[in-house]
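Given next are the chains, with one letter for each unit.
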Amino acid sequence: MSPSSASDCGARIALLGAPVEVGASQRGTLMGPAALRTAGLAAVLDSLGFVVEDHGDLAAADLVASDDVPPLNTKHYREIASWIRALSARAYAVASSGAIPLFLGGDHSLSMGSVNGVARHWREQNRELFVLWLDAHADYNTPATTITGNMHGMSSAFLCGEPGLDGLLGAEPRASIGPGQLSLFGVRSIDKLEKQLVRERDIDVADMRQIDEFGVGVLIRRVIDKVSARNGVLHVSFDVDFLDPGLAPGVGTLVEGGATYREAHLVMELLHDSGLVRSLDIVELNPFLDVCGKTARVAVVLVGSLYGQQIIDRPMPTNAFMPT
């Protein structure tokens, strides 16, 4: 996508930081939004011709405290509930403005708010929202299945309407997606009861075995075709531990055998070509664990590929990033 193409579309990207860290076991993801900005995220998007609106970070001091009775096995439930309710409302407002929301995390619990708000917007447009979960983990635990009680491991299950966190959003409308609208991609670590639940729900999973056997091109096109066939739109939830730890050491849940640099680029390039991506999370970046900003820089380069940065110019899909 050339700079002029993005400008002609009038495409706006709205950055919103969500420095939540209590959903994970390892502190430090609250520094993620600052690291992504420092690594030049806005400059890359600006160079591609987008109008970049930086909405800053949600501040913990501005959140409305939750006084819910926490369900069992949900660490830091009240604090996370406060973040999720604020994020859902802001995500809905940004998506409704016509901008492309880009949420800077923060641990993966933030997606329970960001995706819910975006899904609510698209539901009002009579469009289905599909979610591509680029992650080493399925994050499909519930309070009944979790081993750790860490809520970043419950985020995709919550989005699919699984029970156990029914009061998490408070008065904020819940806009669950169906299990058929979730695609887990790059999974290589999953708990026993979580695996059973994923199987029972018949969720689309491309684990690293399948990626090795068939390649990312075949598997990501399968996701794209599913969304296109139902005239849907796509949210990408990009956990940086999707990448191999040698490429992205700045995460708190390292799992060996992740996506390579070229595999990740191809995923992003094919997603861009599809013209279906209307929102994005970047989560679990922990600068405290990073090596000289390596992970943040890699994440920014990959986001550039998702939004059109390429070596050789190719014709832009006619529906890419066009508001509807």
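Structure report, in brief. (Residues numbered from 1 in each chain as written. Predicted model: local features only at pLDDT ≥ 70, side-chain atom pairs only at ≥ 80, totals over all residues. Heavy atoms only, no water.)

1. Some details on the overall build of the chain
Working step 1: Assigned secondary structure in the chain consists of 11 helices and eight strands.
Working step 2: Over its C-alpha atoms the chain spans a radius of gyration of 18 Å, differing by no more than 12% from the 20 Å that the globule rule assigns to 324 residues.
Working step 3: If one aligns the C-alpha atoms of the chain with their principal axes, the spans along those axes are about 55 × 45 × 45 Å.
Working step 4: Sorting the 324 residues of the chain into buried and exposed places 58% on the buried side.
Working step 5: By sequence separation, contacts in the chain at least 24 residues apart represent 76% of the contacts at least 6 residues apart.
Working step 6: Of the roughly 12,500 Å² that the chain leaves accessible, carbon and sulfur atoms contribute 55%. (Helix = DSSP H or I, 4+ residues; strand = E, 2+ residues; numbered from the N terminus. Rg over C-alpha atoms; globule rule 2.2 N^0.38 Å. Buried < 20%, exposed > 50% of the residue type's maximum accessible area, 1.4 Å probe, protein only. Contact = heavy atoms within 4.5 Å. Areas by Shrake-Rupley, 256 points an atom, 1.4 Å probe, with all protein chains shown as cover.)

2. Focus: unusual backbone geometry
Working step 1: The omega torsion across Gly105 and Gly106 is 15 degrees, close enough to zero to call that bond cis.
Working step 2: Relative to the helices and strands, Gly106 is located in the loop between strand E3 (100–105) and helix H5 (111–124).
Working step 3: One non-glycine residue, His76, lies in the positive phi region at around 60 degrees.
Working step 4: Assignment of secondary structure puts His76 in the loop between strand E2 (51–57) and helix H4 (77–96).
Working step 5: In this structure, Asp139 is a non-glycine residue whose phi angle is positive, near 55 degrees.
Working step 6: Here Asp139 is to be found in the loop between strand E4 (129–134) and helix H6 (155–159).

3. Here we look at helix H11 (residues 294–306)
Working step 1: Taking 1.5 Å of rise per residue, 13 residues should cover 18 Å, and H11 covers 19 Å from first to last C-alpha, within 8% of that figure.
Working step 2: Of all 13 residues in H11, 10 are buried; the element is thus mostly enclosed.
Working step 3: By the burial criterion, the buried members of H11 are Thr295, Ala296, Val298, Ala299, Val300, Leu302, Val303, Gly304, Ser305 and Leu306.
Working step 4: Remark: Gly308 follows H11 within two positions and exhibits a positive phi of approximately 115 degrees. (Expected span 1.5 Å × (residues − 1).)

4. What to know about the sheet that holds E3
Working step 1: What the eight strands build is an open sheet, ordered E2-E1-E3-E8-E7-E4-E5-E6; its pairing is parallel. Looking along the sheet, the strands with just one partner apiece sit at the ends: E2 and strand E6 (204–207). Strand-to-strand twist in this sheet, taken as the mean axis angle between neighbours without regard to direction, amounts to 15 degrees.
Working step 2: Pairing between strand E1 (residues 12–18) and E3: six bridges, direction parallel. Residue pairing for E3: Ala18 is matched across the bridge by Gly105. (Pairing = 2+ DSSP bridges. Axes fitted to C-alpha atoms, helices over the stretch in contact; angles between N-to-C directions.)

5. Quick look at the pairing of E6
Working step 1: Side chains of E6 alternate between two faces, with Asp204 and Ala206 buried and Val205 and Asp207 left unburied.
Working step 2: Between strand E5 (residues 182–187) and its parallel partner E6, the chain crosses via helix H7 (residues 192–200), and the hand of that crossover is right-handed. (Right-handed = clockwise from strand over helix to strand, strands pointing away.)

6. As for the pairing of strand E8 (residues 277–283)
Two faces, one strand: in a regular strand the side chains alternate between the faces of the sheet.
Working step 1: Here E8 lies mainly inside the structure; seven of its seven residues are buried.
Working step 2: In terms of strand pairing, E3 meets E8 through three bridges, oriented parallel. Across the sheet, residue Phe103 finds its bridge partner in E8, namely Asp281.
Working step 3: Of the strand pairs in this sheet, strand E7 (residues 233–239) and E8 are connected by six bridges, and their pairing is parallel. Paired with Ser237 across the two strands is Asp281, which belongs to E8.
Working step 4: In terms of handedness, the path from E7 via helix H10 (residues 261–274) over to E8 forms a crossover that is right-handed.

7. Points about the side chain of Asp281
Working step 1: Within the fold, Asp281 resides in strand E8.
Working step 2: Arg37 provides the closest opposite charge to the buried, unpaired Asp281, separated from it by 13 Å.
Working step 3: Residues contacting Asp281, with those up to four places away along its chain left out, are Phe103, Leu110, Ser111, Ser114, Val115, His235, Val236, Ser237 and Phe238. (Lys, Arg positive; Asp, Glu negative; His and termini not counted. Salt bridge = Lys/Arg side-chain N within 4 Å of Asp/Glu carboxyl O.)

8. Some thoughts on helix H9 (residues 216–229)
Working step 1: When the terminal C-alpha atoms of H9 are compared, their 20 Å separation across 14 residues agrees well with the 20 Å that a helix rising 1.5 Å per residue should span.
Working step 2: Taken residue by residue, H9 has Val216, Gly217, Leu219, Ile220, Val223, Ile224 and Val227 as its buried positions.
Working step 3: Here the buried face of H9 lies against E4, E5, E6, helix H8 (208–214), E7 and H10.
Working step 4: In the segment just after H9, Asn231 is the residue with positive phi, at about 55 degrees.

On their own, these measurements won't tell you what the molecule is for.
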